[in-house]
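Coordinates in review
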Amino acid sequence: MSNRPILSVRRLTIDHTLAGAWPWSHAALLRAVDDLHFDLYPGEALGIVGESGCGKSTLARALLGLQRTVAGGIVLDGHDLARLEENSWRAHRRDIQMVFQDPVASLDPRMTIAESVEEPLTALCPELDASARTARVTQLLERVGMGELGDRFPHELSGGQCQRAGIARALSVKPRVLICDEPVSALDTAVQAQVLELLAELQREQDLALVFISHDLAVVQRLCRRVLVMYLGRVMEQATAAELFARPRHPYTRALLASVPGAEPGRDPMPLEGDVPSALHPPSGCVFRTRCPIADDLCAREEPHLRKVGEGSFAACHFVQDPSVNGDAPALREGTVSKKRPAQSPA
């Protein structure tokens, strides 16, 4: 991979305005993404995981210019996409494309599969004539295993076939960044494996930078090199996939991994306590503290920020320690958290 990121997100903040229950009531602001930052490198697959409502899909829409941002930047080759007006996005639309969650609904029911794949070529590649567009569509459909199905309509195909068509459409304009928002969640397990293998092959062949959004940790572990864990719009942990799955640092990451069927039985489960709080009224300090088994008064007073806690690992937790820096600190099991919740005295 190149040492220079193709896409840099810095301090990105996104709000949703929610209308009041009555015409005279005040609108409310919901902070969907709060002070998020990461780099994406050419040829890299970055996984973004978290529970429903953590801001993953909002982030995807912002990267595509479909969601307005409040603050921060989205820099692609020196251009801050977050500052562009809608009509200025067209020049960059070829560079960033998306594979959507619902493979059938993402395709126009009145278009054949070949027409859907050709549509972005017509809109974004004026240098191609009709014969060149047809040749590229034919090549792409054959590459995704749909060579004989170009004249079919979406309702005549399975979900897996429609998702293959969606991948072909996204790749038709030769993007540099491909965003996949839960691309296999609507598919059967066997079909999921086929689509994931196809994505991995295409990424290697075309040196694509891939942002893969999912709630399925097993899928992310299989496909991604780095992982970013979100909770209530904020990043809890960021690490290489190998490091995160072997030595999760943040209590929330550990709880997510423990919830995966077939999780390693010997790992401290760090169980979640309570329900996810409302994003309209997030907790003070650490947003995860109301469900964290080791939270204390410090967590309520001060918001933890991402800091280095290992080689290539960053976590937003007051009690996570870097073993290389604080190796003699008292630690929870696996040496990742340096404070236990005080034991309750017997009644």
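Everything numeric here is computed off the predicted structure, so don't read it as measured data.

Thresholds, definitions, all that
Residues numbered from 1 in each chain as written. Predicted model: local features only at pLDDT ≥ 70, side-chain atom pairs only at ≥ 80, totals over all residues. Heavy atoms only, no water. Helix = DSSP H or I, 4+ residues; strand = E, 2+ residues; numbered from the N terminus. Buried < 20%, exposed > 50% of the residue type's maximum accessible area, 1.4 Å probe, protein only. Contact = heavy atoms within 4.5 Å. Areas by Shrake-Rupley, 256 points an atom, 1.4 Å probe, with all protein chains shown as cover. Core = buried A, V, L, I, M, F, W, Y, C linked by side-chain atoms within 4.5 Å. Phe/Tyr/Trp six-rings, centres within 6.5 Å; stacked < 30°, edge-to-face > 60°. Disulfide = S-S within 2.5 Å. Salt bridge = Lys/Arg side-chain N within 4 Å of Asp/Glu carboxyl O. pLDDT = per-residue confidence, 0-100. Pairing = 2+ DSSP bridges. Axes fitted to C-alpha atoms, helices over the stretch in contact; angles between N-to-C directions. Parallel < 35°, antiparallel > 145°, perpendicular 65-115°, else oblique. Left-handed = near helix turned anticlockwise from the far one by under 90°. Nonpolar A, V, L, I, M, F, W, Y, C, P; charged D, E, K, R; others polar.

In this section: the overall build of the chain. Helix and strand content of the chain: nine helices and twelve strands. Counting all 347 residues of the chain, 50% fall into the buried class. Summarising the internal contacts of the chain: among those between residues at least 6 apart in sequence, 62% fall at separations of at least 24. For the chain, the accessible surface area stands at approximately 16,900 Å², while carbon and sulfur atoms represent 50% of it.

Further remarks concern the nonpolar core. Counting residues in hydrophobic clusters, the biggest one holds 66 residues, and the most contacted among them are Ile 113, Met 146, Ile 167, Leu 178, Phe 212 and Val 227. Leaving out residues up to four positions away in the same chain, Ile 113 has contacts with Leu 107, Leu 141, Met 146, Leu 149, Gly 150, Arg 152, Pro 154, Leu 157 and Ala 165. Leu 7, Leu 12, Val 33 and Val 177 belong to the second largest nonpolar core, which has 33 residues in total.

Moving on: the packing of aromatic side chains. Scanning all chains against the criterion turns up three aromatic pairs. Ring plane angle 85° and centroid distance 5.2 Å describe the contact between Tyr 231 and Phe 288, whose orientation is recorded as edge-to-face. Separated by 57 residues along the polypeptide, Tyr 231 in strand β9 (residues 226–231) and Phe 288 in the loop between α8 (251–258) and α9 (297–301) bring together distant segments of the chain. Across the pair, Phe 288 and Tyr 231 agree in class, each one buried. Site record: aromatic cluster; members linked through ring pairs are Tyr 231, Tyr 252 and Phe 288.

Under the definition given, this model contains zero disulfides. Of all cysteine sulfurs in the structure, the one in Cys 292 sits closest to Cys 317, which takes part in no disulfide; the separation is 6.1 Å.

Scanning all chains against the criterion turns up 18 salt bridges. For Arg 110, the salt bridge is made with Asp 108, and the minimal N-O distance between the two is 3.5 Å. Overall, the relative accessible area of 24% leaves Asp 108 in the partly exposed class. The partner of Glu 197 in a salt bridge is Arg 222, with the nearest N and O atoms 3.7 Å apart. One end of the pair, Glu 197, is in helix α5 (residues 189–206); the other, Arg 222, is in helix α6 (residues 217–223), with 25 residues separating them in the sequence. Residues joined in a network through salt bridges with shared partners are Asp 34, Arg 234 and Glu 303.

Moving on, we come to the environment of Met 98. Secondary-structure assignment places Met 98 in strand β6 (residues 96–99). Relative accessible area serves as the criterion here: at 9%, Met 98 is assigned to the buried category. Along the backbone, Met 98 and Leu 64 are 34 residues apart, and their C-alpha atoms lie at a distance of 7.9 Å. The residues contacting Met 98, other than those within four sequence positions of it, are Ala 60, Leu 64, Ala 170, Leu 178, Ile 179 and Asp 181.

With that settled, the discussion passes to the confidence of the model for the chain. Across the chain, pLDDT averages 86, with 87% of residues at or above 70. Considering only residues more than four positions removed or in separate chains, one finds that residues 327–347, a stretch of pLDDT under 50, has 42 contacts.

Strand order across the open sheet formed by four strands is β2-β1-β4-β5, with antiparallel pairing between neighbours. The open sheet has two edge strands, β2 (28–40) and β5 (79–80), and neither has a second partner. Inspection of the sheet shows strand β4 (residues 71–76) paired to β5 by two bridges, in the antiparallel sense. Within β5, the position partnered with Val 75 by the bridge is Asp 80. Of the strands in this sheet, β1 (7–18), β2 and β4 touch helix α1 (residues 56–63), which is tilted by about 115° from β1.

This brings us to the side chain of Asp 34. Here Asp 34 is to be found in strand β2. Here Asp 34 is in contact with Leu 12, Thr 13, Gly 233 and Arg 234, once residues within four sequence places are set aside.

Before going further, it helps to spend a moment on unusual backbone geometry. For Asp 35, which is not glycine, the phi dihedral falls at a positive 55°. Relative to the assigned elements, Asp 35 resides in strand β2. With phi around 55°, Lys 174 is a residue other than glycine that occupies positive phi space.

What follows is about the environment of Ala 168. Looking at the element boundaries, Ala 168 is found in helix α4 (residues 159–171). The sequence separation of Ala 168 and Val 144 amounts to 24 residues, and the corresponding C-alpha distance is 6.7 Å. Ignoring sequence-local partners within four residues, the contact set of Ala 168 consists of Val 117, Leu 140, Leu 141 and Val 144.

Between helix α2 (residues 113–124) and α4, whose axes approach to 7 Å, the crossing angle comes to 25°. Taken together, the axes of α2 and α4 are roughly parallel relative to one another. When the axes of α2 and α4 are compared, the crossing they make is right-handed. Two secondary-structure elements touch here, α2 through Ile 113, Ser 116, Val 117 and Pro 120 and α4 through Ala 165, Ala 168 and Arg 169. Along the lines of polarity and charge, the residues of the contact of α2 with α4 split into five nonpolar, one polar and one charged.

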